[in-house]
Amino acid sequence: MKYRTIGTDPAHRREVSVLALGAMLFGSRTDEKTSYALLDRFVEAGGTFIDTSDNYAFWEDGGQGGQSEELLGRWRRSRGVGDEIVIATKLGARPLAPGTSYVDNPEGLSAKVIRESAERSRERLGVEKLDLLYAHIDDPAVPQRETVEGFAGLVAEGTVGLLGVSNQAVWRVERARAIAAAAGLPGYQVLQYQHSYLRPRTDVPSDLFPDGSLGAVDPQLLSYLRAEPRLTLVAYSPLLKGAYVRPERLPHDYDHPGTPPRLAALHEVAEETGASVNQVVLAWQLGSDVPTVPLAGASSLAQLEENLTAVDLELTADQRSRLDAAN
């Protein structure tokens, strides 16, 4: 395994594995025995960065989520896991009532919600301090200063370490960080967005993003990250939920003229390296000039082993150039 540092404040920055394990379906679709086996193997291989959320996975049973955090808490206790493992969680997108969702009834990002939701997450995970806490989705109904101060208050109390943000417009992220900086408060240092080798159309409306996606990496976000090199990108769904090996799973927003040439370049490099296309995608992200941690889930040990092997795959400068240039 290889490692990188996230965060800049000496009091809170953490060294984490360059590959993060997504625990979204642990405790729901992925049963406890399988989840434990995946977690054990990830840690055995040197993995130290695990990702979850307080709303995972509400859609599996029509509830409000919490299954993933609860399973991670049981696993931590059963294995005697301490602060050597960094567990990141999120708040803001938990449905306020069973049968609803983050689109029509999210908990939001008020100071009250931030405090109460963080406390619930700490209890479920069985930790005194949340290593990394994200604002999962935006909440335009709450003044950003309230949200910024709500998160900062938890850091000041010592119940949260690093702060992160996901699925928000870049200008909103920058505004929140500017508010924090002006007040001398901790701000977002880790940005979690959907990112893979294939590029989606970001103008396709959805229930959460009626003007087009704000949750995917686009040129504006990349330029922002290059201008702010102390930030870290955590790239969720890097393998597009298996679509690289099962094309029928490819979301409709990837159906555009730029996809075939990038797939061709990807398969060409995979053949040259003897690696799988999934491993090439992860290696491409790991070697990015933007500090990137791929966040990959797994539902079997075979999938996890494939992902872990990608950490040691080194692409040549020529291979990276061809992958980058394909359009």
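Presented here is a report on the structure given in the accompanying data block. In this text, all values refer to a predicted model and were calculated from it rather than measured experimentally. (Residues numbered from 1 in each chain as written. Predicted model: local features only at pLDDT ≥ 70, side-chain atom pairs only at ≥ 80, totals over all residues. Heavy atoms only, no water.)

1. A look at the overall build of the protein
Point 1. Each helix and strand counted, the protein has 11 helices and 10 strands in total.
Point 2. Expected size for 327 residues packed as a compact globule is a radius of gyration near 20 Å; at 19 Å, the protein falls within 12% of this value.
Point 3. Considering only C-alpha atoms, the protein reaches an extent of 55 × 45 × 40 Å along its principal axes.
Point 4. Burial statistics for the protein: of 327 residues in total, 54% are counted as buried.
Point 5. Of the roughly 14,100 Å² of accessible surface on the protein, 51% is carried by carbon and sulfur atoms.
Point 6. For the protein, the separation between the mean place of its 33 positive charges and that of its 45 negative charges on side chains is 2 Å. (Helix = DSSP H or I, 4+ residues; strand = E, 2+ residues; numbered from the N terminus. Rg over C-alpha atoms; globule rule 2.2 N^0.38 Å. Buried < 20%, exposed > 50% of the residue type's maximum accessible area, 1.4 Å probe, protein only. Areas by Shrake-Rupley, 256 points an atom, 1.4 Å probe, with all protein chains shown as cover. Lys, Arg positive; Asp, Glu negative; His and termini not counted. Charge placed at Lys NZ, Arg CZ, Asp CG, Glu CD.)

2. Some remarks on the sheet that holds strand E9 (residues 232–236)
Point 1. Strand order in the closed barrel made by the eight strands is E3-E4-E5-E6-E7-E8-E9-E10, with parallel pairing throughout. The mean inter-strand angle of the sheet, taken between neighbouring strand axes irrespective of direction, is 30 degrees. (Pairing = 2+ DSSP bridges. Axes fitted to C-alpha atoms, helices over the stretch in contact; angles between N-to-C directions.)

3. With respect to helix H8 (residues 259–273)
Point 1. For H8, built from 15 residues, the straight-helix expectation of 21 Å at 1.5 Å per residue is met to within 8% by its first-to-last C-alpha distance of 21 Å.
Point 2. Turning to H8, its buried residues are Thr259, Arg262, Ala265, Leu266, Val269 and Ala270. One side of H8 carries all its buried residues, which in axial view fall inside an arc of 135 degrees. Turned more than 90 degrees away from the buried face of H8 sit Pro260 and Glu271, all of them exposed.
Point 3. Elements in contact with the buried residues of H8: helix H9 (277–286) and helix H11 (317–325).
Point 4. Where H8 ends, the next residue or the one after it, Gly274, has phi of about 75 degrees, a positive value. (Expected span 1.5 Å × (residues − 1). Arc of directions from axis to C-beta. Contact = heavy atoms within 4.5 Å.)

4. Some points on helix H1 (residues 32–44)
Point 1. An ideal rise of 1.5 Å per residue puts 18 Å on 13 residues; H1 measures up with 18 Å between its terminal C-alpha atoms.
Point 2. Residues of H1 that are buried include every one of Ser35, Tyr36, Leu38, Leu39 and Phe42, and no others. Viewed along the axis of H1, the buried residues span an arc of 165 degrees, placing them on a single side of the element. With respect to the buried face of H1, the exposed residues turned more than 90 degrees away are Lys33 and Glu44.
Point 3. Residues of H1 that are buried sit in contact with strand E2 (14–17), strand E3 (20–22), strand E4 (49–51), helix H3 (67–79) and helix H10 (301–309).
Point 4. For H1, the N-terminal capping position is held by Asp31, with its side-chain oxygen 3.2 Å away from the main-chain nitrogen of Lys33. (Polar contact = N/O pair within 3.5 Å; in protein donor to acceptor, adjacent residues only side chain to side chain.)

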